Amino acid sequence: MPVLICPECGAENDLTAESCQECGASLLDVLPSTLSNQEELGQDDLSVFSQDDHDLPDLLNALKREDDLQVEEGDQGGYPEMPEESPSEGLDFGGAEDENIPDWLKRIRERASREKDSSGEITQKIKAARESLEGGKDVEEHENYESWIKYLRVQGIDKGAGKPMEAESPDDNQDADEGDSDWLSKIKKAQGKPLAIDRDEVSDREGDSLLQWLVALEDKGKKPKPILEEEEEVQGKHTEDTLPTLISSDQDDPQATQQINKSELRFELPELSVSREEQAQADQLTATIVDERASRLPRKQESRSFRWLVRLILGLLLIVGLSLSLFTGGKAELPQGLLQPHTEALMRWAKALPTDASLLIIVDYAPGYAGELSLIASPILKQVVHEDVFVFMMSSSLSGTLLGGRLLDQLVAEDRVTDLGYFPVSAYGAYGMASRTTSGDSALSLPELGKGLPSRGVDGVLLLSDSYEGARMWIEQLSALIPETPLNLLAAAQAGPMLLPYWESGQVTGLIAGISEAAGMERMLSGSEVVARRWRAYQTGVLLLMAMLVVGVIFNSDSKAAESLRGEQ
Amino acid sequence: MKKILAISVAIVTGLFVLGGYFFQDQLSPFLALIFDWGILLAGVAGLIGVGYLLRWHLSKLINHKKGRFHSVVVLSAFIFAFVAGFVLTPQNAFYRDLILNIQVPVEASLLAVLAVTLLYASLRLIRVRGWSPMAIAFLLSALVSLTLDLGLLQTGSDSLAADLLGILERLPLAGARGILLGMALGGLVVGLRVLLTMDRPYGE
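Asker: Please set out the overall build of chain A residue by residue, giving values where relevant.
Answerer: For chain A, the helix and strand inventory stands at 24 helices and eight strands. Buried positions account for 39% of the 569 residues belonging to chain A. Across chain A, the fraction of contacts at a sequence separation of at least 24, relative to all contacts at a separation of at least 6, is 68%. Carbon and sulfur atoms make up 51% of the accessible area of chain A, which totals about 33,600 Å².

Asker: Would you mind going over the side chain of S395(A) in detail, with residue names and values included?
Answerer: Structurally, S395(A) is set in strand β4 (residues 390-395). On the basis of relative accessible area, S395(A) is assigned to the buried category, the value being 1%.

Asker: Account for the interface of chain B and chain A, with residues named and values stated.
Answerer: Facing the 48 residues of chain B at the interface are 51 residues of chain A. Between chain B and chain A the total buried area reaches about 4,500 Å² when both faces are included, carbon and sulfur atoms providing 66% of it. Our count for the chain B to chain A interface comes out at three salt bridges. At the boundary of chain B and chain A, one finds eight residue pairs in polar contact (both at pLDDT 80 or more). Residue composition of the side of chain B that touches chain A, grouped by class: 28 nonpolar, twelve polar and eight charged.

Asker: I'd like a rundown of the sheet that holds strand β7 (residues 487-491) of chain A, residues and numbers included.
Answerer: Residue and element names in this part refer to chain A. In space, the six strands of this open sheet follow the order β5-β4-β3-β6-β7-β8, with parallel pairing throughout. Looking at the sheet topology across the chains shown, the edges are occupied by β5 (417-422) and β8 (510-513). The mean inter-strand angle of the sheet, taken between neighbouring strand axes irrespective of direction, is 15 degrees. Relative to β7, strand β6 (residues 460-465) runs parallel, the two sharing five bridges. By the bridge assignment for β7, L463 is matched with L489. Strand contacts of helix α16 (residues 370-384): β3 (358-364), β6, β7 and β8, with the helix running at about 145 degrees to β7, the strand carrying the most contacts.

Asker: Just give me the short version of a nonpolar patch on the surface, but keep the residues and values in it.
Answerer: Residue and element names in this part refer to chain B. On the surface, V50, F78, I79, F82, V83, F86, V87, L88 and F94 cluster together to form a nonpolar patch covering roughly 870 Å² of accessible area. Top contributing element to the nonpolar patch by residue count: helix α3 (residues 68-88), with seven residues. Mapped onto the elements of the fold, V50 is located in helix α2 (residues 24-62).

Asker: Just give me the short version of the nonpolar core, but keep the residues and values in it.
Answerer: Nonpolar side chains in soluble globular proteins generally cluster together in the buried interior. Residues and elements named next belong to chain A. The biggest cluster of nonpolar side chains holds 46 residues, and the ones touching the most others in it are V384, L464 and L490. With eight residues, the top contributor of residues to this core is α16. Sequence-distant contacts of V384, defined by excluding residues within four places in its chain, comprise W349, A350, L353, L359, V389 and L462. Listed in part, the 30 residues of the second largest apolar core include V461, A471, M498 and V508.

Asker: Tell me what's going on with the packing of aromatic side chains, and back it up with residues and numbers.
Answerer: With the rule as written, the count across this model stands at five aromatic pairs over all chains. Centroid distance F390(A) to F392(A): 5.2 Å. Interplanar angle 65 degrees. Geometry classified as edge-to-face. Judged by relative accessible area, F392(A) falls into the buried class, the value being 0%. Seen in terms of ring centroids, F82(B) and F86(B) are 4.9 Å apart; in terms of plane orientation they differ by 70 degrees. Their pairing is edge-to-face. Here the residue F82(B) and the residue F86(B) both occupy positions in helix α3, the gap between them amounting to four residues, near one helical turn. A residue is classified by how much of its surface remains accessible, and F86(B), at 62% relative accessible area, is exposed. Here a set of aromatic residues connected by ring pairs shows up, and it is made of F78(B), F82(B) and F86(B).

Asker: If you had to explain the environment of Y369(A) to someone new, which residues and values would you point to?
Answerer: Residue placement: Y369(A) occurs in the loop between β3 and α16. Judged by its relative accessible area of 18%, Y369(A) is buried. Along the chain, Y369(A) and S465(A) lie 96 residues apart, while their C-alpha atoms are 9.1 Å from each other. Apart from residues no more than four positions distant in its own chain, Y369(A) is found in contact with D466(A), A492(A), Q494(A) and L111(B).

Asker: Report on the pairing of β4(A), specifying residues and quantitative values.
Answerer: All names here are of chain A. Most of β4 sits inside the fold, with five of its six residues counted as buried. Here β3 runs beside β4; their pairing, made up of six bridges, is parallel. Paired with V363 across the bridge in β4 is S395. Note: β4 against β5, five bridges, orientation parallel.

Asker: Report on unusual backbone geometry, specifying residues and quantitative values.
Answerer: Residues and elements named next belong to chain B. Of note, the phi angle at H64 is positive, near 55 degrees, even though the residue is not glycine. Structurally, H64 can be placed in the loop between α2 and α3. Look at H64 and you get exposed, because its relative accessible area is 58%. Phi is positive for T89, which is not a glycine, with a value near 70 degrees.

Rules behind the numbers
- For every chain, the first residue of the written sequence is number 1, and numbering continues from 1 onward in sequence order.
- Key to labels: chains lettered from A, ligands numbered from 1, both in the order written.
- Totals for whole chains, interfaces and linings use all residues, but because this is a predicted model, local features are given only for residues with pLDDT of at least 70 and pairs of side-chain atoms are given and counted only at 80 or more.
- Side-chain metrics in this entry use all non-hydrogen atoms of the structure; hydrogen atoms and water are not considered.
- Starting at the N terminus, helices and strands are each numbered in turn, a helix being any DSSP run of H or I of at least four residues and a strand any DSSP run of E of at least two.
- Burial status follows relative accessibility: with a 1.4 Å probe on protein chains alone, a residue under 20% of its type maximum counts as buried, one over 50% as exposed, and anything between as partly exposed.
- Residue contacts are counted whenever heavy atoms from the two residues lie within 4.5 Å of one another.
- Every accessible area reported is derived by Shrake-Rupley at a probe size of 1.4 Å, with residue values counting cover from the shown protein chains alone.
- A quick way to say it: buried area is the sum, across both parts, of accessible area lost when two parts are put together, with a 1.4 Å probe.
- Here, a salt bridge means any side-chain nitrogen of Lys or Arg that lies within 4 Å of a carboxyl oxygen of Asp or Glu.
- Any pair of N or O atoms that falls within 3.5 Å is considered a polar contact. Within protein, one atom must be able to donate a hydrogen and the other to accept it, and sequence-neighbouring residues count only if both atoms are side-chain atoms.
- We call Asp, Glu, Lys and Arg charged. Ala, Val, Leu, Ile, Met, Phe, Trp, Tyr, Cys and Pro are nonpolar, and the rest, Gly among them, are polar.
- Strand pairing requires that DSSP identify at least two bridges connecting the strands.
- For helices, the fitted axis covers only the stretch in contact; all axes are lines through C-alpha atoms, and the angles between them, taken along N-to-C directions, range from 0 to 180 degrees.
- Only residues above 30% relative accessible area that lack a salt bridge enter a patch, with like-charged residues linked at up to 9 Å and the nonpolar side chains Val, Leu, Ile, Met, Phe, Trp and Tyr linked at up to 5 Å.
- For our purposes a nonpolar core is just a set of buried Ala, Val, Leu, Ile, Met, Phe, Trp, Tyr and Cys residues, chained together by side-chain atoms within 4.5 Å.
- Whether two aromatic rings pair depends on their centres lying within 6.5 Å, for rings of Phe, Tyr and Trp, where Trp uses its six-membered ring; planes under 30 degrees apart make the pair stacked, over 60 edge-to-face, and the rest tilted.

The quantities given are spatial measurements derived from coordinates; they are silent on function.
Structure representation (structure tokens):
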């Protein structure tokens, strides 16, 4: 009889019902089901099991098919034999041993025969099957189904018991091992279940139905108990020195267990190999986490307006001070100590230079230092570069050609300047240039690689550089290539101290480093104060820098925060 | 095979250049050829870098990615400078002023910002470290160096103060020369390691 099965509670409803009579869920979208109720099952002469396989649930169908295959192949494992105290045997109410059974059991059987609800579903089904067997219908088939159902019950009890094999008695264990076929073992292993059952549990749960077992089997939320936990529990129940005697004392049985001394057991921990790099990364991560979780002192809530006011005052002070020092008139007072010996040597070379001399000017500074280098070079260039001097220009910086052209543009006519082009000294060193000493000085020929030093020689070399590295390469190569030619350095203040040893060793004729020395030379050569005023602005800027440094250190130091940081470190 | 070829080329080239310092007359023509090759390859590498940069900015502009306005500025400046340099030549006074009047202030401003940044970094160092001996030494050395750089301290020629001032002025030189010696030794070791193929900066 087709019914409507509620998708919420599973209750059976009539085909005309629009909602479940149990839970009230809507049944409008539910299709009629051909599953019959329990009464029909009993009256249908084991109809569920005698129908075609498609009437079985999927799991039962799969199990049955596998078992059928094994039977056909003549597998000796077959269906498991149930023990003597099998619950199905106890349900054989019409057996010959009725005479020996006690009275209380007879009363129970009588009541069970009258009341259909007194036994479980499986019991009812088996009873109905036996009745049909007595009727002579499909004897073999029903026997197979009977034993198969018995075996399924055992498996369902396995599922609910979850006990390991070791907890069983030896006889039960042996029976279970014999009854377990390969496919059942695979299923049990896949489900993470132990391979044996506890017969006590079987007897306690013999009234459970197959459907309940299937529900429990599909209940994924109910996870099996981990084996390790069970082992710990077992260990906790026994003495410290020994482990329990688990199953059997039969020495011939390979599966039998013996009493084992706990001291003989060796629990090997898995080896954990950590490389040094991984350890360093882990330490760094740990340090980062510790640093993030460390308690920090709350930042002081300072007034934004106050800080803004302080910054404004400092900015105005800096701008006004520099502007006054730059644009106010007056004679710049220069100390006498600005004129250094290497500066005097350069001045002597400039005064001794002939009027029709040829000079090689090497531009080796970046545009950012153009202002400083032009101030440094202008006094000496005004002294040595005039209309009668022939100038060769070579650059080793990317913008050297442009910077050199601007520097010489107002000092000498364009036709007196020969641009030897750009040479990448920083990339290849000056040796490439030095190896072309025999090449001509044709400035207009391309490519630039064909150019080299003037073959006819020069009366002096002026190297304008902003860094020690660039100047060093030129000094090393030129002092070896044209050692008789005077080499003079016009360097930025940052490179001056590093280049001073070249003057002391005699490789360099003269040296000017920084605006201060240029101002002293300008005073000595021309008496002008162009560089001296810049020098005064420079002094003002340095003084303001020192003042801000001192004030900032005094008012900006946070001793508590520093102590906290040192404590963390 | 590729590895062996690269190692062989590196060793032969290095030994050839090194030998050129000692046998300049015999090896000068070959060294010039090698340097020409090197500079040519460097130029090609520069062109590749320029092309890659242009492609990156173009893709950024075409795909409407964030910051494409900066890509527009970069591409416009590049195209303008490139075309103007070809038309006017770098020797042209207008082109020279056009480039330098932008480039010089920008780089000088960066250096000025660098000075202020260094000042702030020194303040932060002392703020974080507190009044530790290293912080005090750093502060004193900075103040003394700046004061000496001003040139305001004047002494007699043969006095104890002049000697003391000379010692203070030579302190940075001594430290800098020590650093240079370390750099020279490091460069020598790196060169030897490359020649002996212990280091392979030419890649694998």
